[in-house]
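The primary structure of each chain is shown beneath.
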Amino acid sequence: MEEKNYWLRRRFSRRTTIRGAAIAGVGAGAIALVGCGDDDDTGGGDNTKTALLPTAGATSVPSKTPKAGGSFTFQIPQPPPTLDPYTQTSYLNGYMNGLSYSKLFRFKNGTPDTVPADFTQEIDLAKAMPEQPDQLTYIVTLKPGIKFHNGRAMTSEDIRYAYDRYLNYEKSVHKSGLSFMDKMETPDAQTFKFTTKYPYADTVNYLGGNLGVYISPKEIAESADAATKMLGSGPFIHTEFQTGVSLSFKKNPDYYDKPYPYFDDVKVFVVPDQAKRVADFAAKSVNLTWIMLPDERDQTKKNRPDAKTDEQQGIGGYIYLRTDRPPFNDKRVRQAISMGLNRKAIREAITKGEGVPDQLYFVGYPFARQVKDLPQAKYWDYNPTEAKALLSAAGQTSISTTWDHADAAVYTQAYVDTATLAQGQLKDIGITIKDQSAPYATYISTTYQGQYEGMGHSPRAVAYWLDYITERFTMKPKRGRINLSYVNDPKLEDLMDKQRQQFKMEERIQTVKQIEELVAEEQYEIYFSTDTRSYFWDSDIIYRPTSWFPYTHVMKAWRDSA
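Keep in mind that what you see is a predicted model, and the values were worked out from it rather than measured.

Here is what the cut-offs are and how they apply
Residues numbered from 1 in each chain as written. Predicted model: local features only at pLDDT ≥ 70, side-chain atom pairs only at ≥ 80, totals over all residues. Heavy atoms only, no water. Helix = DSSP H or I, 4+ residues; strand = E, 2+ residues; numbered from the N terminus. Buried < 20%, exposed > 50% of the residue type's maximum accessible area, 1.4 Å probe, protein only. Contact = heavy atoms within 4.5 Å. Areas by Shrake-Rupley, 256 points an atom, 1.4 Å probe, with all protein chains shown as cover. Axes fitted to C-alpha atoms, helices over the stretch in contact; angles between N-to-C directions. Left-handed = near helix turned anticlockwise from the far one by under 90°. Nonpolar A, V, L, I, M, F, W, Y, C, P; charged D, E, K, R; others polar. Phe/Tyr/Trp six-rings, centres within 6.5 Å; stacked < 30°, edge-to-face > 60°. Lys NZ or Arg CZ within 6 Å of the ring centre and 35° of its normal. 1 Å grid on protein atoms, 1.4 Å probe; cavity = no way out; pocket = protein on both sides within 12 Å on 5 of 7 lines; lining within 4 Å. Points joined across faces, edges and corners; volume = space filled by probe spheres on them. Pairing = 2+ DSSP bridges. Salt bridge = Lys/Arg side-chain N within 4 Å of Asp/Glu carboxyl O. Core = buried A, V, L, I, M, F, W, Y, C linked by side-chain atoms within 4.5 Å. pLDDT = per-residue confidence, 0-100.

Engineer: Hey, could you run me through the overall build of the protein chain in this one?
Structural biologist: Helices and strands together make up the secondary structure of the protein chain, namely 16 helices and 22 strands. Going through the 562 residues of the protein chain one by one, you find that 62% of them count as buried. Of the contacts made within the protein chain by residues no fewer than 6 positions apart, 73% connect residues no fewer than 24 positions apart. Carbon and sulfur atoms make up 49% of the accessible area of the protein chain, which amounts to about 20,400 Å² in all.

Engineer: Hey, could you run me through the packing of helix H10 (residues 343–350) against helix H12 (residues 408–427) in this one?
Structural biologist: Packed helices, taken two at a time, are described by their axes: the angle between them and the distance between them. Running from amino to carboxyl end, H10 crosses H12 at an angle of 145°, the nearest separation of the two axes being 10 Å. Where H10 crosses over H12, the two elements pack in a sense that is right-handed. Taken together, the residues of H12 that come into contact with H10 (itself represented by Ala345, Ile346, Ala349 and Ile350) are Ala414, Asp417, Thr418, Leu421, Ala422 and Gln425. In the contact of H10 with H12, the residues fall into seven nonpolar, two polar and one charged.

Engineer: What should I look at first to understand the packing of aromatic side chains in this one?
Structural biologist: Geometrically, a pair of aromatic rings is defined through the distance of the ring centres and the angle of the planes. Within the structure shown, the criterion is met by 27 aromatic pairs. Through successive ring pairs, a cluster of aromatic residues spans Phe180, Tyr198, Tyr200, Tyr206, Tyr361, Phe362, Trp465, Tyr468 and Phe473. One residue, Arg472, lies across the ring of Tyr318, its end atom 4.6 Å from the ring centre.

Engineer: Sorry if this is basic, but what is going on with empty space enclosed by the protein here?
Structural biologist: Space left empty within the atom packing is revealed by a probe, the size of a water molecule, rolled over the atoms. Enumeration over the complete set of coordinates arrives at four cavities of 30 Å³ or more. Of the pockets and cavities examined, the largest cavity occupies roughly 720 Å³. Contributing to the lining of the largest cavity are 45 residues, with Ile315, Pro459, Arg460, Asp531 and Arg533 lying nearest its centre. Breaking the lining of the largest cavity down by element, the ones donating at least two residues are strand S3 (71–76), helix H7 (274–282), strand S13 (288–292), H10, H12, helix H13 (440–445), strand S18 (455–459) and strand S20 (531–537). Of the residues contributing to the lining of the largest cavity, the split by class is 24 nonpolar, 14 polar and seven charged. Of the pockets and cavities examined, the second largest cavity occupies roughly 240 Å³. Lining the second largest cavity are 24 residues; nearest its centre among them are Gly98, Arg106, Tyr214, Thr552 and His553.

Engineer: I keep staring at the sheet that holds S18 and nothing clicks. Help me out?
Structural biologist: Sheet strands associate in pairs through backbone hydrogen bonding, adopting either a parallel or an antiparallel arrangement. If you trace the five strands from one edge of the open sheet to the other, you get S17-S16-S18-S15-S19, paired in mixed fashion. At either end of the open sheet lies a strand with only one pairing partner, and these are strand S17 (431–438) and strand S19 (526–527). Looking at chain direction, strand S15 (residues 317–321) and S18 are connected through five bridges and run antiparallel. Residue pairing for S18: Ile319 is matched across the bridge by His457.

Engineer: Sorry if this is basic, but what is going on with the environment of Ala162 here?
Structural biologist: If you trace the backbone, Ala162 turns up in helix H4 (residues 156–168). Judged by its relative accessible area of 0%, Ala162 is buried. The spacing of Ala162 and Lys218 is 56 residues in sequence and 7.9 Å in space, taken between C-alpha atoms. Discounting chain neighbours no more than four positions away, the residues touching Ala162 are Tyr86, Tyr214, Ile215 and Ser216.

Engineer: Hey, could you run me through the pairing of strand S6 (residues 131–134) in this one?
Structural biologist: Regular strands place side chains that alternate from one sheet face to the opposite one. For S6 and strand S7 (residues 137–141), the ladder comprises two bridges, and the chain directions are antiparallel. Paired with Glu131 across the two strands is Ile139, which belongs to S7. Joining the antiparallel neighbours S6 and S7 is a turn of two residues.

Engineer: It is not clear to me how the environment of Lys108 should be interpreted in this structure. Could you clarify?
Structural biologist: By the secondary structure assignment, Lys108 is in the loop between strand S4 (105–107) and strand S5 (121–123). According to the relative accessible area criterion, Lys108 is partly exposed, its value standing at 36%. Along the backbone, Lys108 and His553 are 445 residues apart, and their C-alpha atoms lie at a distance of 8.6 Å. Here Lys108 is in contact with Thr114, Thr120, Glu122, His553 and Lys556, once residues within four sequence places are set aside.

Engineer: Looking at this structure, I do not really get the pattern of salt bridges. What am I missing?
Structural biologist: Where charged atoms from two side chains of opposite charge approach closely, those side chains can pair. Under the counting rule described, the total for this entry stands at 41 salt bridges. Here Glu471 and Arg481 are joined by a salt bridge, their closest N and O atoms 2.9 Å apart. Of the two residues, Glu471 sits in helix H14 (residues 468–473) while Arg481 sits in the loop between H14 and helix H15 (490–500), which places them ten residues apart along the sequence. According to the relative accessible area criterion, Glu471 is buried, its value standing at 3%. Given a relative accessible area of 9%, Arg481 falls into the buried group. One connected set of salt bridges, linked through shared partners, spans Asp295, Arg297, Asp298, Lys301, Glu311, Lys352 and Glu354.

Engineer: Looking at this structure, I do not really get the nonpolar core. What am I missing?
Structural biologist: Here is a general trend for soluble globular proteins: nonpolar side chains tend to be buried in one another's company. Counting residues in each nonpolar core, the largest one holds 151 residues, and the members touching the most others are Tyr163, Ile337, Tyr361, Phe362 and Phe473. Top element by residues in this core is H12. It accounts for eight residues. Among the nonpolar cores identified, the runner-up in size contains six residues, and Val286, Met292, Ala307 and Phe536 belong to it.

Engineer: It is not clear to me how the side chain of Asp280 should be interpreted in this structure. Could you clarify?
Structural biologist: Relative to the assigned elements, Asp280 resides in helix H7. For Asp280, a relative accessible area of 14% translates into the label buried.

Engineer: What's the story with the confidence of the model for the protein chain in this structure? I'm lost.
Structural biologist: Atom-level detail of predicted coordinates should not be read off regions where pLDDT is low. Scored by pLDDT, the protein chain comes out at a mean of 86, with 88% of its residues at no less than 70. Within the model, the stretch residues 1–61 combines pLDDT values under 50 with 155 contacts to residues more than four positions away or in other chains.

Engineer: Honestly, the sheet that holds S6 in this entry has me stumped. Any pointers?
Structural biologist: Sheet architecture is open: four strands sit in the order S6-S7-S9-S8, paired in antiparallel fashion. Both edges of this open sheet fall to S6 and strand S8 (181–188), since each of them pairs with a single strand only. Averaged over all pairs of adjacent strands, the angle between their axes in this sheet comes to 20°, without regard to strand direction. The sheet contact formed by S7 and strand S9 (residues 191–196) spans five bridges and is antiparallel. Bridge pairing links Thr137 to Thr195 in S9.

Engineer: Would you take a moment to explain the pairing of S18 for this structure?
Structural biologist: Counted residue by residue, S18 has five buried out of five residues, so it is predominantly covered. The alternating pattern of S18 places Met455, His457 and Pro459 on one face and Gly456 and Ser458 on the opposite face, and all of these are buried. Strand direction decides the pairing type here: strand S16 (residues 399–406) and S18, joined by two bridges, are parallel. Its bridge partner lying in S18, Asp404 is registered against Gly456.

Engineer: Mind showing me how you'd approach unusual backbone geometry here?
Structural biologist: Most peptide bonds take the trans configuration, and most residues that are not glycine carry a negative phi. In the segment running from Pro326 into Pro327, the intervening peptide bond is cis, with an omega of 0°. Omega for the bond connecting Lys476 with Pro477 falls within 30 degrees of zero, at 5°, which places this linkage in the cis form. Non-glycine residue Tyr486 carries a positive phi angle of around 55°. Along the chain, Tyr486 turns up in the loop between H14 and H15. The exposure class assigned to Tyr486 is buried, which follows from its relative accessible area of 15%. Residues other than glycine seldom take positive phi values, yet Gln523 does so here, at roughly 50°. On the basis of relative accessible area, Gln523 is assigned to the buried category, the value being 1%.

Set out below in structure tokens:
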């Protein structure tokens, strides 16, 4: 039954969901997960609800006292394109930097009692959540005694420098995301004060949850070593980067947030071959492996029945296309492309039939309606006859275009196969596509920055904060970081401006629903199906992966047998 593949295999109660998603700090309430319409649990009956993310509720907090010591190893499929946080949006870059760099705030995740998709922010460099004398002003006090790994004390000027570089450095790829920032001041060495251009409900969540905003100091940021070395203030000191082989880290003895980290050292192996990643974990050569699709998941369960596992479903891929140019500036063409995709056939060929037609820009959160519940659900139906009729009405009986995507090294062969199958299906409705594959590092620095001509295909980015929709769809004042479809829609811009300044979640969700329906009608992004991602780690390691990838909070993990 298809629905069985859609809903997660494990359940959690609405009360657990809301509790796990409670937000700490002013301005962060916009991310709290909204309930699905049922009452809180009363102790009687089965009031559980299912959702795509998180996969399960909180587990019981381990009663054992964490033990310091030991080593931790895991794999990544490719080396980061660069270790410079200012110039990359690659998850390989962003989350690797999370081992050595710090932020003002951070996700709470990483322990068994926190659900994987919990958006809750906790303090990191900040001593407390910011003071807010008004809706535009934020005053952050730094924790005392923070040092960079070279021994230099961190001051508020380092925070100001980093944010200024994210905003103004010519090679920065985070300008649009931080565009809400206005004036920045450093009244003293421990105080960072800033104002926003408008009331912005996601301020804290952006500063703690984005791929960027790591505090990389001037001495490394402006040096020739920025691409290959990290000099941060985080839990682990970067010691070595063997290109194409591994990255090594050791415990930071001066880390300001005791008792973290617990491990003495961390090693990250670069393993491009997926079969080898499965084999290495089976041989216990590494402690954690991740992003296993169904075939690899089932093989790993067979190989390592002793391992702990966490399975999450969601974040499927999508097609982006140049909506600023013919023929894709006609919504009928975009609607035809969506209706020309046989998503069910793709799922059956690639993911053992698991997954369903995707939600919109959010995947799996309770406030996001499923496609089947949208007034525009018909555009997800496979209907080649109607697709051809739409193309004909748009004056496009045949189209020739390009399709850019990364190779299989990072996103897996399933990603490439999805493109191949989709291109074949679209040919049947009159769209001929020239496939253009590129190495991941090339793709992420060109195509994924908007440098392409026709169509493209990417895995979905994770929505770390509610205003993620602006990065997807804005052209004001410039194209958003991941507005790869070059969407330029005044009505959509007005709705995004509105939700950005709504601090009451109930009101904001009503605006989000309007955005959902507008985007569904326009088919600015054409979504595939959800996918299943599984994580495995050694049974004696006390840890829990997060929806933001498993090594975000390695500092909180520990080995019971250490």
